[in-house]
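Here is what each chain is made of, one letter per residue.
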Amino acid sequence: MSKLTGQSRAKRRARMIGAGIVAAAAVVGGIVLAVTRDEAVRTGAIVVAKADSGEVTVDVATVGTVEPATTRSLAFAVDGTVASIAVRAGNRVRAGDTLAALDNAAATDDLADARAKLADAQGRLTDATDDAAETTKQATACARPSGTTPCATRGFPDTGADPVLNAEQAVNNAAKAVDDAEDALAGTVVKAPIAGTVVEVAGSVGDQVRSGATVISLADTYSMQVRADFPEADAGSLAEGQPATVTLADSDELLDASVVQVDPAGTSDGTLVRYGVLLAFSDSPDDLLVGQSAQVRVRTGQVTAGVRVPTTAVHEISGDAGTVLVHDANRSVERAVAVGLRGDQYTEITDGLAVGEQVVRSW
């Protein structure tokens, strides 16, 4: 064997040092060579999770706005001049409270005239009834024996007229006129049909208003709800009766609610279609404000007790099938499993994995 020159020995020493550095780096870095053809090379810091039995949930979330469950647009029933307005926006009222009134002098006079005409018609009916009774009495008294002159030729002709019927019709017409006048007088006043909060007052004292024109908007703030718009991708899983939570602006409290309506048609802003949803509070707080913003979360799916693993542990999901990486004795092997509900944090495994088995949390 020939002796190595100084240059050759230096090159060999450099190769040995380089190999040693690579080996050391491999150990320090925790590189583990693949033990099967299908298993990828991984670091030694594998994070695993045990399959357990528990709840799997799916929620969809968006931002909503607090609004009254009912809003009434209130108006006078007749034309007139506004004489008084007893409320302003923000006032809370009770059912039956007077909110505004018109000058009712003309309506009051009309009612008095109608009542006077009704009294006159009733008097005429009384006279007609008395006359009819007297005529009947006289007609009975003039009954004659056979062969005498008929009553009709003795001053009681039968003209066919019925004064009592005419008088009754006059009374009915006068009574209807009184009802109309009473309605017109009542129409000069706007009263609260429900308890709530005045949202808007249109107009002021002295204004001329037309019948049917909204004067006051009243909201049922004792029964508030939340309106929210969900994107089309989430709207398909929403349905009436689903449980929800609402978090009001500047609050961390979760308020229980439920879906009471999902709009059948969506609206588009040109890029995204959204569907409106109404949610009712289970117990509406007293200090809710109309227009207050809120975070809304609706539970669209739930399994109370099932075999579950972190959602990040399930890959290659197609229909109800997926794949997990089962970890045991320093080995990780892919396994096909049957997938149920795919939740926000956990995914339900309906077959192929038992409680207690370990899976790689993320791969």
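Refer to the preceding data block for the structure.
A. Expanded view of the overall build of the protein chain. When helices and strands are counted, the protein chain shows 4 helices and 21 strands. Relative to its full complement of 363 residues, the protein chain shows a buried share of 29%. For the protein chain, long-range pairs separated by at least 24 residues make up 73% of all intrachain contacts whose partners lie at least 6 apart in sequence. Looking at the protein chain as shown, the accessible area adds up to about 22,100 Å², and 51% of this sits on carbon and sulfur atoms.

B. Region of interest: the nonpolar core. V226, F230, V246, L248, L279, V296 and V298 are the most contacted members of the largest nonpolar core, which has 20 residues in total. Counting only elements with at least two residues in this core, the list comes to strand 2 (52-68), strand 11 (224-231), strand 12 (243-248), strand 13 (255-262), strand 15 (273-281) and strand 16 (293-310). It is strand 11 that contributes the most residues to this core, 4 residues altogether. Not counting residues within four places of it along the chain, the set of residues in contact with V296 comprises V60, A61, T62, G64, V226, A228, F230, T245 and L279. By size, the runner-up hydrophobic cluster in this structure holds 16 residues, among which are F76, L99, I194 and I216.

C. Here's a closer look at the sheet that holds strand 4 (residues 80-85). An order of 7-6-4-9 is seen for the 4 strands of this open sheet, with the pairing classed as antiparallel. With one partner strand each, in any of the chains shown, strand 7 (189-191) and strand 9 (208-209) form the two edges of the open sheet. As paired strands, strand 4 and strand 6 (residues 98-102) are joined by 3 bridges and run antiparallel to one another. Bridge pairing links S84 to A101 in strand 6.

D. Examining helix 2 (residues 105-141) more closely. For helix 2, which comprises 37 residues, the first-to-last C-alpha distance of 55 Å matches the rise-based estimate of 54 Å (1.5 Å per residue) to within 8%. In this structure, the buried residues of helix 2 make contact with helix 3 (163-186).

E. Fine view of the packing of helix 2 against helix 3. As a packed pair, helix 2 and helix 3 sit with axes 8 Å apart at the nearest point and diverge in direction by 165°. The orientation of helix 2 relative to helix 3 falls into the category roughly antiparallel. The interaxial crossing formed by helix 2 with helix 3 has left-handed handedness. Within the contact of helix 2 with helix 3, the residues separate by chemical class into 20 nonpolar, 3 polar and 6 charged.

F. Focus on the pairing of strand 12. With 4 bridges joining them, strand 12 and strand 13 adopt antiparallel strand pairing. Opposite A244, over in strand 13, you have A257 as the bridge partner. Linking two consecutive strands that pair antiparallel, namely strand 12 and strand 13, is a turn of 6 residues; a positive phi of about 65° is found at D250 within it. As defined by bridge partners, strand 12 adjoins strand 16 across 5 bridges and the pair is classed as antiparallel. Bridge pairing in strand 16 places V246 opposite V296.

G. Local environment of the side chain of D263. Among the secondary structure elements, D263 is positioned in the loop between strand 13 and strand 14 (267-268). Of the polar contacts made by the side chain of D263, one reaches the side chain of Q261; its length is 3.0 Å. Those residues in contact with D263 that sit more than four places away from it in its chain are R227, Y275 and G276.

H. Spatial organisation of the sheet that holds strand 10 (residues 214-219). Reading across the sheet, the 4 strands line up as 3-10-8-5 and stay open at both edges, with antiparallel pairing between neighbours. Bordering the open sheet on either side are strand 3 (71-75) and strand 5 (92-93), each of which pairs with just one other strand. Pairing geometry for strand 5 and strand 8 (residues 196-201), over 2 bridges, is antiparallel. Note on strand 8: the bridge partner recorded for V93 is G196.

I. Expanded view of helix 3. In a regular helix each residue adds 1.5 Å, so 24 residues correspond to 34 Å; helix 3 covers 35 Å between its end C-alpha atoms and thus fits that length. Among all positions in helix 3, only V164, A167, V171, A174, V178 and A181 are buried. Buried residues belonging to helix 3 abut helix 2.

Cut-offs applied
Residues numbered from 1 in each chain as written. Predicted model: local features only at pLDDT ≥ 70, side-chain atom pairs only at ≥ 80, totals over all residues. Heavy atoms only, no water. Helix = DSSP H or I, 4+ residues; strand = E, 2+ residues; numbered from the N terminus. Buried < 20%, exposed > 50% of the residue type's maximum accessible area, 1.4 Å probe, protein only. Contact = heavy atoms within 4.5 Å. Areas by Shrake-Rupley, 256 points an atom, 1.4 Å probe, with all protein chains shown as cover. Core = buried A, V, L, I, M, F, W, Y, C linked by side-chain atoms within 4.5 Å. Pairing = 2+ DSSP bridges. Expected span 1.5 Å × (residues − 1). Axes fitted to C-alpha atoms, helices over the stretch in contact; angles between N-to-C directions. Parallel < 35°, antiparallel > 145°, perpendicular 65-115°, else oblique. Left-handed = near helix turned anticlockwise from the far one by under 90°. Nonpolar A, V, L, I, M, F, W, Y, C, P; charged D, E, K, R; others polar. Polar contact = N/O pair within 3.5 Å; in protein donor to acceptor, adjacent residues only side chain to side chain.

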